[in-house]
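One-letter residues, chain by chain:
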Amino acid sequence: MQEYPFGSKLRPWVSLNPRARRLTDGDPTTCPHKSRLHAMTGAKQQLPTGLPELSLGRVGTTAQDDIDESLRLLREMQEDVKPQARIRAYRPVPTVAFSRRESLMPEFAGASAAARRLGFDPVIRLAGGRAVAYDQTCLVIDLMAPLALFDNHIAAFDAGAACFRDVLSDLGIDARVGPVPGEYCAGAHSVNARGQVKIVGLAQRAMRRSRLLTACIVLEAPDRLRPVVDAVYSAMKLDWSRESLGSVRDEGVQGSLDEVVHELVTGLQQRHAAWALPQKTIVDGVLA
């Protein structure tokens, strides 16, 4: 099922925010804020050389169907001797995604019941971290790439977070990498707006020959999400601040949801694709 009227024909970048400015032009491997990324050598797989492929829209009818589809694509990449990086993007059904570790905790049953009472389906996600609530007002983006692109998970997190920051900056958002006080699923690679509200949560899973960087981007005002996080985090005995949750729309981005989704997805595919391509070490401004 494809939710968005794009994919086969990619439109040029357009501003959806009066404050927006185009930060890169031409080279899809360039992020304007360069991280210290390390080149990989000796990989058994050939590393990607082209733009990431796109997989757009939900699969099936349940939250678990979408988790299963991402796992299928990651396993397919593991068996491919010439793997191509891939972006899977979809606007999900109401879901609370728990980590495997959380599912083993005594509070999990109560937290799952709290999610169901509010119409959100509890699932076990592929990546780690803490529980995340999302629905059709959000965009889930799974960045899938060969494991050999980065020699450790921190380098992969650095690259992915920088690219999410930069694609939000293209929309005119004052986007920064780092946690804000009281955020849900707190992490050093969250992407926030103005240092005040979290907009993107990022989690990771490394498999045998493939890596998943999965992100949840809140598009519309998160009024429906806050009570869900309240109930689930209370059941899990976790603290968070309602004021820490923001959205793309709250930061002044205009246009339809389809237009916003298009700019985010094609931005990560075309202009800010450092997460998907082999990296060179940057030492004192000189490429090693």
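Our structure is the block above this text.
This is a predicted model, so every value here is computed, not measured.

A.B. asks: Before we go on, may I ask you to explain the nonpolar core in this structure?
C.D. replies: Considering soluble globular proteins, one finds that nonpolar side chains tend to be buried as a cluster. Counting 44 residues, the largest nonpolar core has F164 and W275 as its most contacted members. Of all the secondary structure elements, the ones that give two or more residues to this core are strand 2 (86-90), strand 6 (138-146), helix 4 (153-170), strand 8 (191-193), strand 9 (197-206), strand 10 (210-218) and helix 6 (257-271). Per-element tally for this core: the top contributor is helix 4, with nine residues. In contact with F164, other than residues within four places in its own chain, are I141, L143, V191, V200, L202, A215, I217 and L268.

A.B. asks: Just checking my understanding: could you explain the sheet that holds strand 10 for this structure?
C.D. replies: An order of 1-2-6-10-9-8-7 is seen for the seven strands of this open sheet, with the pairing classed as mixed. A strand with exactly one partner marks an edge of an open sheet, and here the two such strands are strand 1 (53-56) and strand 7 (175-177). Direction aside, neighbouring strands of the sheet carry axes that sit 20° apart on average. Sheet topology note: the strand 6/strand 10 ladder contains nine bridges and is antiparallel. From the neighbouring strand, P146 faces strand 10, where its bridge partner is S210. Contacts from helix 4 reach strand 6, strand 7, strand 8, strand 9 and strand 10, with the element oriented near 145° to strand 9.

A.B. asks: Just checking my understanding: could you explain the pattern of salt bridges for this structure?
C.D. replies: A side chain with one charge can pair with a side chain of the opposite charge if their charged atoms come near. For the structure shown, the criterion picks out 16 salt bridges. In this structure, the salt-bridge partner of D66 is R88, at a minimum N-O distance of 2.6 Å. Of this pair, D66 sits in helix 1 (residues 63-79) while R88 sits in strand 2, placing them 22 residues apart in sequence. Each member of the pair, D66 together with R88, is buried. R194 is the salt-bridge partner of E251, the closest N and O atoms lying 2.9 Å from each other. With E251 in the loop between helix 5 (225-235) and helix 6 and R194 in the loop between strand 8 and strand 9, this pair connects stretches of sequence that are 57 residues apart. Relative accessible area serves as the criterion here: at 7%, E251 is assigned to the buried category. Of the residues examined, R194 reaches a relative accessible area of 36% and is grouped as partly exposed. If you follow the salt bridges from partner to partner, you end up with E69, R72 and E76 in one network.

Cut-offs applied
- Residues numbered from 1 in each chain as written.
- Predicted model: local features only at pLDDT ≥ 70, side-chain atom pairs only at ≥ 80, totals over all residues.
- Heavy atoms only, no water.
- Core = buried A, V, L, I, M, F, W, Y, C linked by side-chain atoms within 4.5 Å.
- Buried < 20%, exposed > 50% of the residue type's maximum accessible area, 1.4 Å probe, protein only.
- Helix = DSSP H or I, 4+ residues; strand = E, 2+ residues; numbered from the N terminus.
- Contact = heavy atoms within 4.5 Å.
- Pairing = 2+ DSSP bridges.
- Axes fitted to C-alpha atoms, helices over the stretch in contact; angles between N-to-C directions.
- Salt bridge = Lys/Arg side-chain N within 4 Å of Asp/Glu carboxyl O.

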